Amino acid sequence: LLASEHVVAEQLCDAMDDRSQPSDAQLPDTGIGVERERILAPIFVAGEHYGTRAVTAVLVDTNGRALLYERSYGPHGRHLSDARCDLHVAGAS
């Protein structure tokens, strides 16, 4: 795939690494308490024992070429590795 497609996949994964915290007034009341709501509120949950452990982007073009890009994380949202795989989707044009 084109280098620009790899950049797009990386940008999609970057977008999922949003750790911004909403104010307490914006948190839902799901019955788990405000402390847990704070932990779970960001798009990217960076906990020690519970949280986001992988973010994956899949791009497929009209010719059936595909790019799978995955970013892996450990406890506290620590970036561990990136993996990329170029594929062909069977049965595509």
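Summarised in this report is the structure supplied together with it.

Reading guide: rules and limits
Residues numbered from 1 in each chain as written. Predicted model: local features only at pLDDT ≥ 70, side-chain atom pairs only at ≥ 80, totals over all residues. Heavy atoms only, no water. Helix = DSSP H or I, 4+ residues; strand = E, 2+ residues; numbered from the N terminus. Rg over C-alpha atoms; globule rule 2.2 N^0.38 Å. Buried < 20%, exposed > 50% of the residue type's maximum accessible area, 1.4 Å probe, protein only. Contact = heavy atoms within 4.5 Å. Areas by Shrake-Rupley, 256 points an atom, 1.4 Å probe, with all protein chains shown as cover. Lys, Arg positive; Asp, Glu negative; His and termini not counted. Charge placed at Lys NZ, Arg CZ, Asp CG, Glu CD. Phe/Tyr/Trp six-rings, centres within 6.5 Å; stacked < 30°, edge-to-face > 60°. Salt bridge = Lys/Arg side-chain N within 4 Å of Asp/Glu carboxyl O.

**Description of the overall build of the chain**
- Each helix and strand counted, the chain has two helices and three strands in total.
- On C-alpha atoms alone, the chain measures out to a radius of gyration of 17 Å, which is more than a quarter above the 12 Å that the 2.2 N^0.38 rule sets for 93 residues.
- Each of the three principal axes of the chain carries a C-alpha extent, and together these read 50 × 25 × 20 Å.
- Sorting the 93 residues of the chain into buried and exposed places 24% on the buried side.
- Contacts spanning at least 24 positions in sequence make up 42% of the contacts within the chain whose residues lie at least 6 apart.
- When the accessible surface of the chain is totalled, it reaches about 6100 Å², and 56% of it is carbon and sulfur.
- Of the side-chain charges in the chain, 8 are positive and 14 negative, and the distance between the mean point of each set is 5 Å.

**A few points about the packing of aromatic side chains**
- According to the stated counting rule, one finds one aromatic pair in the structure shown.
- Measuring from ring centre to ring centre gives 4.7 Å for Phe-44 and Tyr-73, while their planes differ by 75°; the resulting arrangement is edge-to-face. With Phe-44 in the loop between helix 2 (34-40) and strand 1 (54-60) and Tyr-73 in strand 2 (residues 65-73), this residue pair connects regions lying 29 residues apart in the sequence. Neither residue differs from the other here; Phe-44 and Tyr-73 are each classed as buried.

**Side note on the pattern of salt bridges**
- Taken as a whole and judged by the stated rule, the model has seven salt bridges.
- The shortest N-O distance in the salt bridge between Asp-24 and Arg-38 comes to 2.5 Å. Taken together, the positions of Asp-24 in the loop between helix 1 (3-16) and helix 2 and Arg-38 in helix 2 put the pair 14 residues apart, joining distant regions of the chain.
- Asp-82 is the partner of Arg-71 in a salt bridge, and the nearest nitrogen-oxygen pair spans 3.4 Å. Here Arg-71, found in strand 2, pairs with Asp-82, found in strand 3 (residues 79-88); they are eleven residues apart in sequence, far enough to count as distant.
- By relative accessible area, Asp-82 is classed as partly exposed at 32%.
- The network of salt bridges with common partners includes Asp-14, Arg-71 and Asp-82.

Coordinates in, geometry out; function isn't part of it.
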